[in-house]
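# Tertiary structure, described
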Amino acid sequence: MIRRIIIVGAICVFLISLVLLPAVREMQRDEAVKALLLTVQRAMQDYHVEFENYPTTSGLSGSDLIALLIENGHLEEPPYNPWTRRTWVIPDEPTDYLVYETDGLAESYALITYRSAARKKVHHTLDSSENQSLE
Amino acid sequence: MSPRQKTFALQVYRIGVLLAIAWLIRSHSTNLRVQGNRPISLTEVRQFLPNAADLKPDHGPRGGLLILNQRKQRIGYAVRTMPKTRDIVGYSGPIDVMVVFGKDDSVLGTSIRQSYDTPSHVEDVEKSYLFMEAWNGKPWEEISTIENFGEHNIWAVSGASRTSEAMMESITARLRTDAAAATGRGFAWRWQDTALLVLIILGAACAFVKDRRFKKIQPVIRIGTFVVLGFVLGDLLAQSLFIGWIEARIPWAETPGVVLLALAAFLVPAITQQPLYCQYLCPHGHAQRWLMKYVPARFMVKLDPDSKWSLRWLPALLLGIVLLTALFELPVDLAGIEPFHAYLWKAAGIATIAVAIISLIVSAFIPMAYCKFGCPTGLLFTFVRRPTHNRWAKRDTVALGFLVIAFILIQFHGPIQDWLLATP
């Protein structure tokens, strides 16, 4: 009986680690990326209230943007990095799939997250010019 | 209670418990879909109209979004096909497509927002620029009246025909402002359905005709079934298909042949004890049977009773994964847990091809290994098979366990979802 339990247990561990765990991790990452975007979005609104426009440099990396928001006091501390599952390293986070883009007048912006460093597949886009849902 | 009545009651229980689980998944999925919110975003529209600055709901009969520029002038119109066309089903579920129109009411572009079909099929459709751009330039009125897509130079994508056809039908149905028009594509019997019907009849003949002369031609029928069902039609019954049907609806009118195949797979063993689909139709079963026949006996591995007992849990555990995936919308491609999609190898994902190859290699040494120790779909057909005895079996307890687990997971869906999503 013990042998049977061990084999069934091994099958369960195999299936959980091969199928369920990666799926749950993907869901967690997705949720954490959304949380990061919303945190940065709130800080951007504070930035806009103070400076009456958004950061003017388009194409900023996530690290540069977060460093700028911390420097100006709109973010109290570095947020959670969904890709490393640790607190964001400032100023040079090696795993950074977040990009900030703005228009010429810095009146609107988009926060874009990618699936990987190659920046080929967009994961999420949060656009300031709409009440966009990340659900 | 007589033995016959006991047997009948047991079978009613088995069919009932499966239907109850299916009903729970369906009602839960509908609940999530109704509460979920997938509005078209400005970012999506901007890939076709970069000047779009605002979206305003149109309260007219078209029920879409007015696309406005910064001066609040109308520069286009956008619609999504869902939820209006949720009854139009591709391979295993509906498709949500966005169609963006220009100022002149002709299409600027289309994009797939979400699909319940196999991801690799959806990707094939998205990458077919000929197909995706075939709509461009066509006015709303023209698309809404299309009956024959070929006449309008719109052709399904090879290898992902059901997904692309669902997209075609969804777009035309969505643009027909008459709500009644958006309930499906109407009954269509195609050559694929005839081919499936012929295969079912031939499979039934193999199961029930005992004539010796007919038995001699059965190997030819098996090869024909293997090639046609596996490589030509690719309509193998699988968990991804059943979950898609449960969550959306059964496509009686669109793919009647596949529905007949599924009905035969459940009902024939339930009534006659003959495992029609597993024994006589399933291409993966045929492949394993040939391996068993042609691999020399000295290569065969004999499993000890403990290993056999334990491995028989694998299909049930895979059904557990299917249940969890359906209830928590986990990003698991269910096609990847079974080998069946590998027969359409051009559109198949890596996981399903790996499962197909590994299961055949193992089956070369352990006869019918996948059927015995790996197939969750086969387990369902076996479960409803008319019992030879009227005793409550282990599988009846397991099925009841699944029903209870499904009920509990739905009741506590919110807290469990929160716990799953909690970042460690």
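Keep in mind it's a predicted model, so treat the numbers as computed, not measured.

Summing up its helical and strand segments, chain A has two helices and six strands in all. Reading chain A from its N end, one meets helices and strands in the order α-β-α-β-β-β-β-β. On C-alpha atoms alone, chain A measures out to a radius of gyration of 19 Å, which is more than a quarter above the 14 Å that the 2.2 N^0.38 rule sets for 135 residues. Along the first, second and third principal axes, the C-alpha set of chain A runs to 70 × 25 × 25 Å. Relative to its full complement of 135 residues, chain A shows a buried share of 44%. Long-range pairs, those at least 24 residues apart, make up 48% of the contacts in chain A between residues at least 6 apart in sequence. When the accessible surface of chain A is split by element, carbon and sulfur atoms take 53% of a total near 7,400 Å². The centroid of the 12 positive side-chain charges in chain A is displaced by 22 Å from the centroid of its 19 negative side-chain charges.

Let us look at a positive patch on the surface. A cluster of like positive charges, contributed by Lys302, Lys308, Arg312, Lys372 and Lys394 of chain B, occupies part of the molecular surface. Residue placement: Arg312 of chain B occurs in the loop between α13 (305–311) and α14 (314–328).

Let us look at the sheet that holds strand β5 (residues 107–115) of chain B. All names here are of chain B. Here we have five strands laid out as an open sheet, ordered β1-β2-β3-β4-β5, and antiparallel in their pairing. Strand pairing shows two members of the sheet lacking a second neighbour, β1 (54–57) and β5, which therefore form its edges. Sheet twist, expressed as the mean angle between neighbouring strand axes with direction ignored, is 25 degrees. Relative to the sheet, helix α6 (residues 161–175) contacts β3 (74–80), β4 (95–101) and β5, its axis offset from that of β4 by approximately 55 degrees.

To continue, consider the confidence of the model for chain A. A residue-level look at chain A finds 94% of positions with pLDDT of 70 or above and a mean pLDDT of 87. Here residues 130–135 of chain A scores under 50 on pLDDT; set against residues more than four positions off or in separate chains, the count is 18 contacts.

Counting through the fold element by element, Val8 of chain A comes out in helix α1 (residues 2–51). Here Val8 of chain A is in contact with Trp309, Ser310 and Trp313 of chain B, once residues within four sequence places are set aside.

Moving on, we get to the environment of Ile21 of chain B. Residue and element names in this part refer to chain B. Note that Ile21 resides in helix α1 (residues 3–35). As for Ile21 and Ala399, which are separated by 378 residues in sequence, their C-alpha atoms are 9.1 Å apart. Apart from residues lying up to four places away in sequence, Ile21 is in contact with Leu323, Ala399, Phe402 and Leu403.

Here we come to the interface of chain B and chain A. Counting from both sides, the interface comprises 31 residues of chain B and, opposite them, 25 residues of chain A. Across the interface of chain B and chain A, roughly 2,500 Å² is buried in total on both sides, 67% from carbon and sulfur atoms. Its largest share of buried area at the contact with chain A, chain B owes to Asp306, Trp309 and Leu421 of chain B, together 19% of the area lost on that side. The tally of links from chain B across to chain A stands at three salt bridges. The salt bridge involving Arg3 of chain A is made with Asp306 of chain B; its shortest N-O contact spans 3.8 Å. Taken together, chain B and chain A are joined by five residue pairs in polar contact (both at pLDDT 80 or more). Taken together, the elements giving at least two residues each to the side of chain B that touches chain A come down to α2 (42–46), α13, α14 and α19 (413–421) of chain B. Residues belonging to the side of chain B that touches chain A are distributed by class as follows: 20 nonpolar, seven polar and four charged.

This part takes up the sheet that holds strand β5 (residues 109–114) of chain A. All names here are of chain A. Strand order in the open sheet formed by four strands is β1-β4-β5-β6, and the pairing between neighbours is antiparallel. Sheet topology places β1 (60–61) and β6 (122–127) at the edges, where each strand pairs with a single neighbour. As defined by bridge partners, β1 adjoins strand β4 (residues 98–102) across two bridges and the pair is classed as antiparallel. Paired with Leu60 across the two strands is Tyr100, which belongs to β4. Seen against the sheet, α1 touches β4, β5 and β6 and runs at an angle of roughly 25 degrees to β6.

Cut-off values and rules
- All chains use their own residue numbering, which begins from 1 and follows the written sequence.
- Whichever chain is written first becomes A and whichever ligand is written first becomes 1, with later ones labelled in order.
- Per-residue local features of the predicted model are confined to residues with pLDDT of at least 70, and side-chain atom pairs are confined, for both listing and counting, to 80 or more; whole-chain, interface and lining totals are unaffected and use all residues.
- Computation of side-chain values covers all heavy atoms of the structure but excludes hydrogens and water.
- Labels follow the DSSP assignment, with helices taken as runs of H or I lasting at least four residues and strands as runs of E lasting at least two, numbered in each case from the N terminus.
- Here the globule rule reads 2.2 Å times residues to the power 0.38, and the radius of gyration is calculated from C-alpha atoms.
- Only protein chains enter the calculation, and the probe is 1.4 Å; a residue is then buried if its accessible area is under 20% of its type maximum, exposed if over 50%, and partly exposed in between.
- Note on contacts: a residue pair is in contact if any heavy atoms of the two residues lie within 4.5 Å.
- With residues, only the protein chains shown are counted as cover, and all accessible areas are computed by Shrake-Rupley using a 1.4 Å probe.
- Under this rule, positive means Lys or Arg and negative means Asp or Glu; His and the chain ends count for nothing.
- Each charge is placed at NZ for Lys, CZ for Arg, CG for Asp and CD for Glu.
- Here a patch means residues that are over 30% exposed by relative accessible area and free of salt bridges, tied together within 9 Å if like-charged and within 5 Å if nonpolar (Val, Leu, Ile, Met, Phe, Trp, Tyr).
- Every case where a carboxyl oxygen of Asp or Glu lies within 4 Å of a side-chain nitrogen of Lys or Arg is listed as a salt bridge.
- Pairing between two strands requires that DSSP report at least two bridges joining them.
- Only the contacting stretch of a helix is used when fitting its axis, a line to C-alpha atoms as for every element, and angles between N-to-C directions run 0 to 180 degrees.
- On a range of 0 to 100, pLDDT expresses the predictor's confidence in each residue.
- Joining two parts hides part of their accessible area as seen by a 1.4 Å probe, and the buried area is that hidden amount summed over both.
- Within 3.5 Å is the distance limit for a polar contact, defined as a pair of N or O atoms, with the added protein rule that one can donate a hydrogen and the other accept it, and that residues adjacent in sequence qualify only through two side-chain atoms.
- Classes in brief: Ala, Val, Leu, Ile, Met, Phe, Trp, Tyr, Cys and Pro nonpolar; Asp, Glu, Lys and Arg charged; the others, Gly included, polar.

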